[in-house]
Amino acid sequence: MRFRHVVLAAGMVGLFCLPAHAEARDISRDTLPANDGWASEGEGTTGGSAADADHVYTVTDRAGLVRALDGGSDTPKIIRIAGSVDANTDDDGDHLDCADYATDGYSLKKYLAAYDPRTWGSAKPSGPQEEARQASARKQAERVELLVGSNTTIVGLKGAVLKGGSLQVRNATNVIIRNLDLRDAYDCFPVWQPNTGGLGDWKTAYDNIWLAGATHVWVDHVTLSDKGHPDSAEPTYFARNYLRHDGLLDITNGSDLVTVSWSRFADHDKAMLIGNSDSATGDRGTLRVTLHHNEFDSVVQRAPRVRFGQVHVYNNRYLADGDDYRYSLGVSTESAIYAENNAFHTPGHIEAADLVKSWNGSALHQSGTLFNGYPVDLLAIHNAYNSGSERDLTADVGWTPTLHTKIDSAEAADRQVAHGAGAGRIP
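Residues numbered from 1 in each chain as written. Predicted model: local features only at pLDDT ≥ 70, side-chain atom pairs only at ≥ 80, totals over all residues. Heavy atoms only, no water.

Draft legend 1. The environment of Arg 317, seen in detail. Of note, Arg 317 is situated in strand 26 (residues 317-319). For the pair Arg 317 and Ala 410, spaced 93 residues apart in sequence, the C-alpha separation works out to 8.3 Å. Excluding residues within four positions of it along the chain, Arg 317 makes contact with Asn 294, Glu 295, Phe 296, Ala 343, His 345, Asp 414, Val 417 and Ala 418. At 2.6 Å, the side chain of Arg 317 and the side chain of Asp 414 are in polar contact. (Helix = DSSP H or I, 4+ residues; strand = E, 2+ residues; numbered from the N terminus. Contact = heavy atoms within 4.5 Å. Polar contact = N/O pair within 3.5 Å; in protein donor to acceptor, adjacent residues only side chain to side chain.)

Draft legend 2. Up close: the state of the cysteines. What the rule picks out here adds up to one disulfide. Residue Cys 98 pairs covalently with Cys 188 via a disulfide, S to S 2.0 Å. Judged by the sign of its S-S torsion, about -80°, the cystine formed by Cys 98 and Cys 188 is left-handed. Here Cys 98, found in helix 2 (residues 98-101), pairs with Cys 188, found in the loop between strand 10 (181-183) and strand 11 (191-195); they are 90 residues apart in sequence, far enough to count as distant. When its relative accessible area of 7% is taken as the criterion, Cys 188 is described as buried. (Disulfide = S-S within 2.5 Å. Buried < 20%, exposed > 50% of the residue type's maximum accessible area, 1.4 Å probe, protein only.)

Draft legend 3. Region of the structure containing the packing of aromatic side chains. Inspection of every chain in the model, using the stated rule, returns 16 aromatic pairs. Centre to centre, the rings of Tyr 115 and Trp 120 are 4.9 Å apart; their planes meet at 85°, and the pair counts as edge-to-face. Residue Tyr 115 is classed as buried on the basis of its relative accessible area, which comes to 2%. Judged by relative accessible area, Trp 120 falls into the partly exposed class, the value being 29%. Ring centres of Tyr 327 and Trp 359 lie 5.0 Å apart, and the angle between their planes is 65°; this geometry places the pair in the edge-to-face category. With Tyr 327 in the loop between strand 26 and strand 27 (329-331) and Trp 359 in the loop between strand 30 (356-358) and strand 31 (364-367), this pair connects stretches of sequence that are 32 residues apart. Of the residues examined, Tyr 327 reaches a relative accessible area of 2% and is grouped as buried. (Phe/Tyr/Trp six-rings, centres within 6.5 Å; stacked < 30°, edge-to-face > 60°.)

Draft legend 4. Representation of the pairing of strand 19 (residues 256-261) in the model. Most of strand 19 sits inside the fold, with six of its six residues counted as buried. Where strand 14 (residues 215-220) lies against strand 19, five bridges are found, and the strand directions are parallel. Residue Val 219 lies in a different strand from strand 19, and its bridge partner there is Val 260. With four bridges joining them, strand 19 and strand 22 (residues 288-292) adopt parallel strand pairing. Of the residues in strand 22, the one forming a bridge with Ser 261 is His 292. (Pairing = 2+ DSSP bridges.)

Draft legend 5. Region of the structure containing helix 1 (residues 62-69). Of all eight residues that make up helix 1, six are buried, and the element is covered over most of its length. Positioned one or two residues after helix 1, Asp 70 has a phi angle of 55°, which is positive.

Draft legend 6. The side chain of Asp 231, seen in detail. Within the secondary structure, Asp 231 is located in the loop between strand 15 (223-225) and strand 16 (236-237). Look past the residues within four positions of Asp 231 in its chain and what remains in contact with it is Asp 226, Leu 243, Arg 244 and His 245.

Draft legend 7. Highlighting the sheet that holds strand 15. Judged by pairing direction, the sheet is mixed, and its ten strands sit side by side in the order 4-7-10-15-20-23-26-29-32-33 without closing on themselves. The two strands at the open ends of the sheet, each matched to only one other strand, are strand 4 (84-86) and strand 33 (374-376). Ignoring strand direction, the axes of neighbouring strands in this sheet form an average angle of 20°. With three bridges joining them, strand 26 and strand 29 (residues 343-345) adopt parallel strand pairing. Across the sheet, the residue bridging to Leu 319 is His 345, located in strand 29. (Axes fitted to C-alpha atoms, helices over the stretch in contact; angles between N-to-C directions.)

Here it is, written out as structure tokens:
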């Protein structure tokens, strides 16, 4: 589809400008309000609100989205997504499936035969099938990895969906992503990672949104899920689930000053990682993130898991479910989570002691927590129930949040989030 600007009367085809009056309220020029989390620090987060008329686009397909993103340029721009945009398409807009990306003789059957731990052992995969998998993965990455540059606002119009894509904000600043349903960042070519201490695991490549070395980012009223290809429907290989999805929203590589608000994370395993790993020295001293008024529905773990960061987690709603549930708040190396007035709902087999998990963590502030409608002290419960396997956490995380709007009671926030979180729900 050709790339061009047309007047609204010509219809929405490919890439074009949309006048502000076409919407009842033009949310694409919104900026982050003052004191709304870490992303409001200093000059705040304004995204592409300063874009001139030549850099305001509406896109209806992958080709238009790629052109509007302009290779991740810093030019102020507003990108409105209309309808359903499929990242797994060729330049003519035809859908691509995993077979279209496979190259150099790759096949899952051959890959499984080559690296079965019973015959291959615990060595890292190498040789023709691993090389073919890497080449195939590169072909898919060229399609689905969408680089977002500085001074950019991406908003969804009514009912907008981006499926199969991974929005990547890498080493960029001043970015806003709002009112968009992002689903099914599906990896066709997971890699087997053996483990000398056990069987190993499958590793996937794509997050729905990935912030890497990003600063001043506001993610608001988005819905993130695996809708279309749930991992629960995938088979098991080498006695491990053959996962096709990585995170829903990962914040790593020294990212800083981020606010995630009024968003919905649903039906996924590892929802949100803040901080790369225990050895990722680039994350130390950064990773200041605010999470408020978000809903985590049927998320197995990482809601979030935090390393190194000063993370304010308040007024969120958690709906834990399923036999595979592991935890919600992950307290890892040098993390400083300040959690207040959050509401958790669980079935009978999930207890309050299951909600917090620590890996080398040392502290967790929590207050105002509701568990199935009853007030609980998550810190005291964690220390009482996990003292045999994990060291006790202290309540002193070394900081107190100041950049926030009104903090409601957990009960009030629970009701508000149930009705207001996710794409299509901006007041």
